[in-house]
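Listed below are the residues making up each chain.
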Amino acid sequence: MQQRFIAIWFRHLKTDRMIAHKPQLKNIPFVLVLPDHGRMRITEASAVVRSKGITNNMLLADARIIFPAIEVIDDNNYLANRLLKKIALWCIRFTPVVAVDLPNGIILDTTGCTHLWGSEEVYLKIIINRLKEFGFHIRAAMADTIGAAWAISRYGKTKAIIETGKHIEALMNLPAAALRLDVHQLDKLHKLGLHTISSFMNMQRSVLRRRFGEHFLLQLDYALGNKEEIIQPVIPVEAYHERLHCMENIQTKTGIEIALKRLLEEICRRLQKEGKGLRRASFKAHRIDDKTEEISIVTNHASNKSHHLFKLFELKIATIEPALGIELFTLDALKVEDIITIQETFWTANNSLESIEVAELLDNLQSKFGNDIVHRYLPDEHHLPERSVKEATSLKEKSLIEWRTDKLRPIQLLHQPQCIEVTAPIPDYPPMNFTYKGKLHKVLKADACERIEAEWWIDAGLHRDYYIVEDEEGKRYWLYRLGHYSDAYKPSWFLHGFFA
C-alpha cells in the first residue's frame, strides 16, 4: 500500500489560539514577545499586525517604529508544544498516527484511512474545515512523503493533494527552503544561484555532500522518497488496534454496543489467527465536541473470545456519555499474550486455575465488583508470617517454593498485628487471659511457643514468641510476645491471626 501523509501548517498558531479564547483581540494589532539578550523579540505576530509589514523574529523596538500602536503580550516557550500536542490528540479521530512538527505544524500518516471518508479530497476538506472552525489559519497538503507534504503546505501554489507518484514533479519548482534546510545551507545555495529544487536535484551526490553536508542530502532524500522518514506519534500505536468511523453520530447505548461488538470481532479474529489473546484492552469513543470517553478491561487469562470480552465491557458501557454524538470508536489491545492450550482430561472436570471457565468467572467477578475483589497468594521466602506470602500477579504465575505445612498456621492472618493487653506469668509462659477490642478472653488451653525472627539483613528487630491459645468459647487465636521480659523492658503482646 502506498504511503500517504498530510502536513498541516498553522500560520498563526499561538495568536489564533488567543483570539479564540479572547474574541476581542481579533481586530487588535498585537504581538507575542520574549526577551532576547536584553531586547524584546517578536516570536509571533497576529494576522492584523502582519498586514502592516511586521514579521516574526523582528525586534519589538523596530516594529514599533513601523506601527507604534502595537499591543504586546508575553509569550510562553512551551505554549506551541502544548497546543500542537492537543491538536494532534484531537486528530487521532482521523488517523492513529499523528506527530507534532515544531514549531507550527503537525504530520498525519493517512495511509489506509482516507477510504473511510470516501476520497482523499473529502478527507482533507473535513480536516481543514474542522480546524478552521476552531479559529486557526492553516494550510495543508497531502503527498507520498512527509517532506513533499511539508513543502507543498508551506510553499505550494497549486493544488493541495499531490497524486500518488507525482510528488517529485510537484517539488521541482519550489524554492530550496521547502526542503527544511538551515539558514547557512540556504545562503550557500543562493550564492551559487541554485534557487529551486530542480536546479540541484539531479546533481551528483558526492558534489552535494561536499558542498552542503550530509544533512542536506538527508532532507532531499526525505522529500523525494529515497529514504523513509520516521515520525514520533503523540500516542504510540498499538500492534492490535481497530477503529470504526461512524457515518452518522452515535447517541444511543445500542449504537455503542453494536460498534463495540464489531471491533471486538475484528480484533479477536486477528488474535485467533496468531494464537494470541488480550489481557488488557481499552475502548474509546471520540465525541464530536472533541472529548473522548474511555472504558477498559483486564482479564486473568489471555482471551480472544469476543462474547466473553463483550460481557466485561458491557457493565461499563453505561458510563459512556455520548453527549451530542460519537463520530469514532477505537479499540486497543494494550497487553497481548500467547494462548497456551491446556490439555484437559476426558473423564474428570478440569477445575485447576488453568481452566478457562475459572478464568472467565474471575473476569466476570472483577468486572462487576472491581479488580480488588479477587486475590491469589503464593508462598514467599521470609520467616515473619506477614512477609511469608505475596500476591500473585496472574493465575499463571508459579510458586518457586512449596507452602510450609510443618507448622500450624491460622486460617485468617491480620495484615497488621493488633496490640492486646495480656496477663501472663513470666518469663516464658503463655497468657492466662487477654483483652481484644474491649473484650476479655480467658485462656483455657495453650500450645508451646514457637520463636520466629526476621532475617538479620532485612530487620534487626526483636524476636517473636508465638502461642496458639483457646478461650472459654472454644475459639482459637494466634498471639505473640515481642522480645523477653527483663527488669528494664516489659514486652508487648499482639494478636496476629484467627483459627477456625
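Residues numbered from 1 in each chain as written. Predicted model: local features only at pLDDT ≥ 70, side-chain atom pairs only at ≥ 80, totals over all residues. Heavy atoms only, no water.

A. Representation of the packing of aromatic side chains in the model. According to the stated counting rule, one finds 19 aromatic pairs in the structure shown. Through a chain of ring-to-ring contacts, the aromatic side chains of Trp90, Phe94, Trp117, Tyr123 and Phe134 assemble into a single cluster. Lying across the ring of Trp9, Arg11 places its NZ or CZ 5.9 Å from the centre. The side chain of Lys261 reaches across the aromatic face of Phe310, ending 5.0 Å from its centre. (Phe/Tyr/Trp six-rings, centres within 6.5 Å; stacked < 30°, edge-to-face > 60°. Lys NZ or Arg CZ within 6 Å of the ring centre and 35° of its normal.)

B. Spatial organisation of the pairing of strand β16 (residues 439-446). Relative to β16, strand β15 (residues 433-436) runs antiparallel, the two sharing four bridges. Along β16, the bridge assignment pairs Thr435 with Leu440. Linking β15 to β16, which pair antiparallel, is a turn of two residues; within it Lys437 sits at a positive phi near 55°. By the bridge criterion, three bridges tie β16 to strand β18 (residues 464-471) in an arrangement that is antiparallel. By the bridge assignment for β18, Lys445 is matched with Glu470. (Pairing = 2+ DSSP bridges. Helix = DSSP H or I, 4+ residues; strand = E, 2+ residues; numbered from the N terminus.)

C. Structural view of the sheet that holds strand β5 (residues 97-101). A sheet is described by the order of its strands in space; here four strands give the open sequence β5-β6-β1-β7, paired in antiparallel fashion. Of all strands in the sheet, those with a lone pairing partner are β5 and β7 (138-143), marking the two edges. Averaged over all neighbouring strand pairs, the angle between strand axes comes to 15°, with direction disregarded. Across five bridges, strand β1 (residues 5-10) lies against strand β6 (residues 105-109) in antiparallel orientation. Residue pairing for β6: Phe5 is matched across the bridge by Asp109. Where helix α4 (residues 79-90) meets the sheet, it contacts β1, β5 and β6, and its direction lies at approximately 165° from that of β5. Packed onto the sheet, helix α6 (residues 146-155) meets β1, β5, β6 and β7 and runs at close to 35° relative to β1. (Axes fitted to C-alpha atoms, helices over the stretch in contact; angles between N-to-C directions. Contact = heavy atoms within 4.5 Å.)

D. Fine view of the sheet that holds strand β4 (residues 71-74). As summarised here, the arrangement of the three strands in space is β3-β2-β4, forming an open sheet in which the pairing is mixed. Only two strands of the sheet have a single neighbouring strand rather than two, namely β3 (39-45) and β4. For this sheet the average axis-to-axis angle between neighbouring strands, irrespective of direction, equals 45°. The sheet contact formed by strand β2 (residues 30-36) and β3 spans six bridges and is antiparallel. Looking at β3, one finds that Leu32 is bridged to Glu44. The strands touched by helix α1 (residues 13-21) within the sheet are β2, β3 and β4, with β2 carrying the most contacts at an inclination of about 130°.

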